[in-house]
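Summary of structural features
Residues per chain, in single letters:
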Amino acid sequence: CPGLISDAYKGQAGRPYSPTAKEKRESAEQRERQRQEFERRQAEIEQATAKDRQKASEKSTAMLAKANKDPRLSPYWQAKEKAAGLPLPMPSDICCDDVRMFLPVIGPVYWNNSLLVPLYIVGGDLNLCQVSVEIICGTSNPQASRTGEKRGLKHGRREGVFYPINISAARNGSPIVICEGVSSGVALNMMTGGKLPIFCAMSCGNFESVLDELCALYDRSPAFIVGDVGEGHRFAKRLADGLPRRNLYAVDLEPCLPEQDGADPFDILARHGVENGRVLLRSMFRTARGLRGDDSLCDVAGNS
């Protein structure tokens, strides 16, 4: 009807509605039933997720126990050694095997000579607990992914998991280093002379969760987050600026890898070598502390 819409916008269309006491009561009861149903469904989802995670954890343990190939057969590791121009130390608990997984649409896929990286959390007894695994793809058959692509198990835990390198050097109060990938962790361990513990968070989005996990063990330790150039460093800087923890530092790699978005500590090793890389890291660690107003120096060889 002419004018009806304009009257409605002015609040003049129809009479004001006022629900009765019965309607109010029925509406409140309906909302309560909906709330209870929502909570019931959420509890079912969480329970199913816990069961799925437990199955994924058991599967990861079985995969690691079955793996019997030399990790140096991995085309990913061979490409890293070729880029670095020297043999890389292989962590003892990283395994290699042929992995079969089912991908939607594609179907069964085999990743031959894939690296299996165990992922850990801090357990209730303050010991490390292996809960999942990251698969660094080898040769794909059929061609479904590139060599070096990272895959996780379906329903496997992702938040807060990490891969530690040289954890025997960790002491509460001594510096710890958090990075993204395993190759970054290996490079940092070489350039720091094996004097600092390295924790690989697997992705920059996992930095904060890993910090929360490690807080129970190293709450007094200065933490240096070495994110990849670009998004990784932005994540690290937001954490350093936003969290109340004072001894948290974001190390910027871009001065040594200008305009190379996604470049990581391994690229510093491959370009500058171990000794020159150590000198550069020392400078970048000191710069990170200076930007936070901390004038004390931390040597990346492990001396504060």
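Only a predicted model underlies this, so the values are computations on that prediction, with no experimental measurement involved. (Residues numbered from 1 in each chain as written. Predicted model: local features only at pLDDT ≥ 70, side-chain atom pairs only at ≥ 80, totals over all residues. Heavy atoms only, no water.)

**Topic: the overall build of the protein chain**
A tally of helices and strands in the protein chain yields seven helices and ten strands. Counting across all 304 residues of the protein chain, residues that qualify as buried make up 43%. A sequence separation of at least 24 residues applies to 63% of the contacts in the protein chain between residues at least 6 apart. Carbon together with sulfur atoms contributes 51% to the accessible area of the protein chain, which is approximately 16,500 Å² in total. (Helix = DSSP H or I, 4+ residues; strand = E, 2+ residues; numbered from the N terminus. Buried < 20%, exposed > 50% of the residue type's maximum accessible area, 1.4 Å probe, protein only. Contact = heavy atoms within 4.5 Å. Areas by Shrake-Rupley, 256 points an atom, 1.4 Å probe, with all protein chains shown as cover.)

**Some details on the side chain of lysine 80**
Looking at the element boundaries, lysine 80 is found in helix α3 (residues 75–84). No salt bridge is formed by the buried lysine 80; its nearest oppositely charged neighbour, aspartate 264, is found at 5.0 Å. Aside from chain neighbours lying at most four places away, what touches lysine 80 is Leu88, Ser183 and Phe266. (Lys, Arg positive; Asp, Glu negative; His and termini not counted. Salt bridge = Lys/Arg side-chain N within 4 Å of Asp/Glu carboxyl O.)

**Thoughts on the nonpolar core**
Grouped together as the largest cluster of nonpolar side chains are 65 residues, with contacts concentrated most on Leu88, Tyr163, Ile178, Phe207, Leu214, Val251 and Leu253. By residue number, the principal contributor to this core is helix α7 (residues 265–291), which donates seven residues. Residues in contact with leucine 214, not counting those within four places in the same chain, are Phe162, Ile176, Ile178, Phe199 and Asp219. If you look at the next biggest cluster of nonpolar residues, it comprises 14 residues, including Met63, Cys95, Met101 and Leu116. (Core = buried A, V, L, I, M, F, W, Y, C linked by side-chain atoms within 4.5 Å.)

**A word on the environment of serine 60**
Looking at where serine 60 falls in the secondary structure, it is placed in helix α2 (residues 21–66). Put simply, serine 60 and leucine 153 are 93 residues apart on the chain and 7.8 Å apart in space, counted from C-alpha to C-alpha. When near neighbours in sequence (up to four residues on either side) are disregarded, serine 60 contacts Gln130, Val131, Ser132, Val133 and Leu153. A distance of 2.7 Å separates the side chain of serine 60 from the backbone oxygen of serine 57, its partner in a polar contact. A polar atom in the side chain of serine 60 sits 2.9 Å from the side chain of glutamine 130. (Polar contact = N/O pair within 3.5 Å; in protein donor to acceptor, adjacent residues only side chain to side chain.)

**Digging into the confidence of the model for the protein chain**
Per-residue confidence for the protein chain averages 86 on the pLDDT scale, and 90% of its residues sit at or above 70. When pLDDT is averaged over each element of the protein chain, strand β8 (residues 198–200) comes out on top at 97 and helix α1 (residues 4–9) at the bottom at 52. (pLDDT = per-residue confidence, 0-100.)

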